[in-house]
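Here's the letter readout for the chains.
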Amino acid sequence: MAGARKLSRIEVFQALDSTSLEAKRRAGLGEGGPLWILALHQTAGYGRRGTQWLQVEGDIAATFLFRPSAQQERLPELSFVAALALADAVRGFAPRAVLSFKWPNDLLAGGAKIAGLLLELVGDAPLVALGCGVNVVSAPAGLAYPTARLLDLVGDAPPAPRQFVEALDETFSFRRRQWSMEGFGPIRAEWLDGAHGLGRQVRVETPAGLVEGVFEDLDLSGALILNSNGDRRVIAAGAVLPPAPRSS
């Protein structure tokens, strides 16, 4: 199509230790992107706080290396920009999927985790390495949070990894332009509109321990705001846990 945006470069590897580690290595050699690094298999994939990311062939394990167009203090907002883009990409293949956002960087389908994001800053500039994992053909069992897979949401065959990354490149480019032109406010509002657990009691694992309270809002930096027995808690780092099992 005339005037269509050129896709970012995409490099596909049969196997890597980790797409995020490869992005960091490439940055160290002077690569500035925009570049997607896609691995069909990872031997040492990881998520937030170094947790293992489980993947089988057909699932998405990719990292986008790029130079952001914003001040460093605004870069954490990109996690929410990317979450909207990821939901856009999933809906492109599964329009009827019931999607929601789990703070700070997971995408849920029907209340189960289907994808996760990991935003890391690389170097002094800095560059951004945005890791993305999507359950396409597998839904790992035995994890802290229930999981879902794209295969069960599409009406036909699921997308191939490169096909999905091409779609995500388009949606993330669109959302970054929106963020650049309109600021974080509309991104934050749309994320909150689809936020999982908003207005309900949630449990959050933080570096200082477990915190419980009613999920009331995000602040202007993207931190989680909880009402914990009348005490307003602002949580900048952590992970929302599944509800505690009910006692019989």
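The structure this text deals with has already been given above.
Okay, so let's go over this structure. (Residues numbered from 1 in each chain as written. Predicted model: local features only at pLDDT ≥ 70, side-chain atom pairs only at ≥ 80, totals over all residues. Heavy atoms only, no water.)

### Quick word on the overall build of the chain
When you go through the chain residue by residue, the secondary structure sums to four helices and twelve strands. Since a compact globule built from 248 residues should have a radius of gyration of about 18 Å, the 18 Å found for the chain is in line with a globular shape. Principal-axis analysis of the C-alpha atoms gives the chain an extent of 55 × 40 × 35 Å. Burial statistics for the chain: of 248 residues in total, 51% are counted as buried. Expressed as a percentage of contacts within the chain between residues at least 6 apart in sequence, the contacts between residues at least 24 apart total 62%. When the accessible area of the chain is evaluated, it comes to approximately 12,000 Å², of which 52% is carbon and sulfur surface. With 25 positive and 26 negative side-chain charges, the chain shows a separation of 1 Å between the mean positions of the two kinds. (Helix = DSSP H or I, 4+ residues; strand = E, 2+ residues; numbered from the N terminus. Rg over C-alpha atoms; globule rule 2.2 N^0.38 Å. Buried < 20%, exposed > 50% of the residue type's maximum accessible area, 1.4 Å probe, protein only. Contact = heavy atoms within 4.5 Å. Areas by Shrake-Rupley, 256 points an atom, 1.4 Å probe, with all protein chains shown as cover. Lys, Arg positive; Asp, Glu negative; His and termini not counted. Charge placed at Lys NZ, Arg CZ, Asp CG, Glu CD.)

### A closer look at the pattern of salt bridges
Taken as a whole, this structure holds 15 salt bridges when the rule is applied. A salt bridge links Glu11 to Arg9, with the nearest nitrogen and oxygen atoms 3.9 Å apart. The exposure class of Glu11 is partly exposed, given its relative accessible area of 24%. When its relative accessible area of 39% is taken as the criterion, Arg9 is described as partly exposed. The salt bridge partner of Lys113 is Asp106, with a shortest N-O separation of 3.4 Å. Taking relative accessible area as the criterion, Lys113 reaches 19% and is therefore assigned buried. (Salt bridge = Lys/Arg side-chain N within 4 Å of Asp/Glu carboxyl O.)

### Overview of the nonpolar core
Counting 57 residues, the largest nonpolar core has Leu86, Trp103, Leu107, Phe164, Phe172, Trp191 and Leu224 as the members making the most contacts within it. If you tally residues by element for this core, the top one is helix H2 (residues 78-93), at eleven residues. Beyond its immediate chain neighbours, meaning those up to four positions away, Leu224 contacts Trp103, Val204, Phe215, Asp217, Leu218, Arg233, Val234, Ile235 and Val240. (Core = buried A, V, L, I, M, F, W, Y, C linked by side-chain atoms within 4.5 Å.)

### With respect to the packing of aromatic side chains
What the rule picks out here adds up to eight aromatic pairs. A centroid spacing of 5.3 Å and a plane angle of 80° characterise the contact between Phe80 and Trp191, whose relative ring orientation is edge-to-face. With Phe80 in helix H2 and Trp191 in helix H4 (residues 184-193), this residue pair connects regions lying 111 residues apart in the sequence. Phe80 gets classed as buried once you look at its relative accessible area, which sits at 4%. Through pairs of rings, three or more aromatic residues link up here, namely Trp36, Phe64, Phe66 and Phe172. Between the NZ or CZ atom of Arg176 and the centre of the ring of Phe66, over which it lies, the distance is 5.1 Å. The ring centre of Phe172 lies 4.6 Å from the NZ or CZ of Arg176, which sits over that ring. (Phe/Tyr/Trp six-rings, centres within 6.5 Å; stacked < 30°, edge-to-face > 60°. Lys NZ or Arg CZ within 6 Å of the ring centre and 35° of its normal.)

### Things to note about the pairing of strand S9 (residues 209-218)
Relative to S9, strand S8 (residues 201-206) runs antiparallel, the two sharing six bridges. Each bridged residue has a counterpart across the sheet, and for Gln201 the counterpart in S9 is Val214. Between S8 and S9, which follow one another and run antiparallel, lie two residues. Linkage of S9 to strand S10 (residues 224-228), two consecutive antiparallel strands, is achieved through a turn of five residues, within which Gly222 is found at a positive phi near 95°. (Pairing = 2+ DSSP bridges.)

### So, the packing of H2 against helix H3 (residues 161-182)
Interhelical geometry of H2 versus H3 gives an angle of 135° and a closest axis separation of 8 Å. What the angle tells us is that H2 and H3 run oblique. In this structure, H2 meets H3 at a crossing whose hand is right-handed. Of the residues in H3, those in contact with Leu78, Val81, Ala82, Leu84, Ala85, Leu86, Asp88, Ala89, Val90 and Phe93 of H2 are Gln163, Phe164, Ala167, Leu168, Thr171, Phe172, Arg175, Arg176 and Trp179. Among the residues forming the contact of H2 with H3, the class breakdown is 14 nonpolar, two polar and three charged. (Axes fitted to C-alpha atoms, helices over the stretch in contact; angles between N-to-C directions. Parallel < 35°, antiparallel > 145°, perpendicular 65-115°, else oblique. Left-handed = near helix turned anticlockwise from the far one by under 90°. Nonpolar A, V, L, I, M, F, W, Y, C, P; charged D, E, K, R; others polar.)

### Looking at unusual backbone geometry
Between Gly33 and Pro34 the backbone carries a cis peptide bond, its omega angle lying at 5°. Turning to its location among the elements, Pro34 is positioned in the loop between helix H1 (19-28) and strand S2 (35-39). Between Trp103 and the following residue, Pro104, the backbone shows a cis peptide bond with an omega angle of 0°. Here Pro104 lies in the loop between strand S4 (99-102) and strand S5 (106-109).

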